[in-house]
Amino acid sequence: MPRSSETIFKKGKNLPLLANSFELLGALKDAGYLQTTRDPLWWPHSGTEKVIIGALLTQQTKWERVEESLALLEEHGICSLDVLASTDIETIKHCIKPSGFYNTKAERLKLLASNIVETYGDFVTFQKETDRAWLLAQKGIGMESADSILCYACYHPMMVVDSYTSRLLDALGYTFENYMQIQEWMHEGIEANENRVRALYGEDVPLSKVYARFHGKIVEFAKDHINGKRVDTSVLIPQ
């Protein structure tokens, strides 16, 4: 696994103008991101059980559909893990139908809720004690979903990597072999520049919040400047 940035520059390209993830964070902040004020950590309902539900439901669908499902779940009083675990599967299917793949997602959501309750007892204990390995062992939870739960539900210092991140870094001249390499690069640039991060924000900000908002900045940037394979990085790179 590459440990230095020199080993991950694209062959045949000039060296990237953004030398590390801290510079990318600063460029995104200078470009006006985050723009949303819906939640201090960007992901709606951060620090709640709804993040766990949303992280599973958002797979292969738009967030707007997830919000519809969450509203139906709340309407039926089943947005908590213990209630989800004891709710019949047909009711869950009905509530999450807007998110698509509702048969599979309902089964996985009920199973995940049951396993969390059985293993940890309650959400607060889950927040404190769960880890990536446990989440990845759950059916239907991959690396992006696991890290979303750790970052946004549990406030763990974990940078979420998604396809937008990969496409943006590719356009900036970097290439990686897998999810873990991208995440390592994102973590290293921030953790090696914690004093500069503090200066950027003008206060001490927990790493968990930095990573949460960093991911949100990338998603918002991508929706404005990524169209298929076309990635417009001009707003990030001084001409």
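What counts as what
Residues numbered from 1 in each chain as written. Predicted model: local features only at pLDDT ≥ 70, side-chain atom pairs only at ≥ 80, totals over all residues. Heavy atoms only, no water. Salt bridge = Lys/Arg side-chain N within 4 Å of Asp/Glu carboxyl O. Helix = DSSP H or I, 4+ residues; strand = E, 2+ residues; numbered from the N terminus. Buried < 20%, exposed > 50% of the residue type's maximum accessible area, 1.4 Å probe, protein only. pLDDT = per-residue confidence, 0-100. Contact = heavy atoms within 4.5 Å. Axes fitted to C-alpha atoms, helices over the stretch in contact; angles between N-to-C directions. Left-handed = near helix turned anticlockwise from the far one by under 90°. Nonpolar A, V, L, I, M, F, W, Y, C, P; charged D, E, K, R; others polar.

> Give a description of the pattern of salt bridges that names residues and reports values.
By the definition in use, this model includes 5 salt bridges. Residue R65 pairs with E68 through a salt bridge whose shortest N-O separation is 3.7 Å. Here R65 and its partner E68 are both found in helix α3 (residues 63-75), 3 residues apart, which amounts to about one turn of the helix. The exposure class of R65 is partly exposed, given its relative accessible area of 43%. With a relative accessible area of 38%, E68 lands in the partly exposed category. Notably, a salt bridge pairs D147 with R132, separated by 2.7 Å at the nearest N-O pair. Highlighted residues: D147 in helix α9 (residues 143-153) and R132 in helix α8 (residues 132-136), separated in sequence by 15 residues. Relative accessible area serves as the criterion here: at 0%, D147 is assigned to the buried category.

> Provide a residue-level description of the confidence of the model for the protein chain, including the pertinent values.
Detailed reading of predicted coordinates is not advised where the pLDDT is low. Of all residues in the protein chain, 93% have pLDDT values of 70 or greater, and the mean over the chain is 93. Scored below 50 in pLDDT, residues 1-7 makes 11 contacts in the model with residues more than four places away or belonging to other chains.

> Before we move on, could you go through the packing of helix α2 (residues 49-57) against helix α6 (residues 102-120) and cite the residues and values that matter?
Where α2 contacts α6, the axes come no closer than 10 Å and their chain directions differ by 145°. Considering how the two elements wind past one another, α2 and α6 form a crossing that is right-handed. Between α2 and α6, the contacting residues are I52, I53, L56 and L57 on the first element and K105, R108, L109, L112 and I116 on the second. For the contact of α2 with α6, the per-class residue count stands at 7 nonpolar, no polar and 2 charged.

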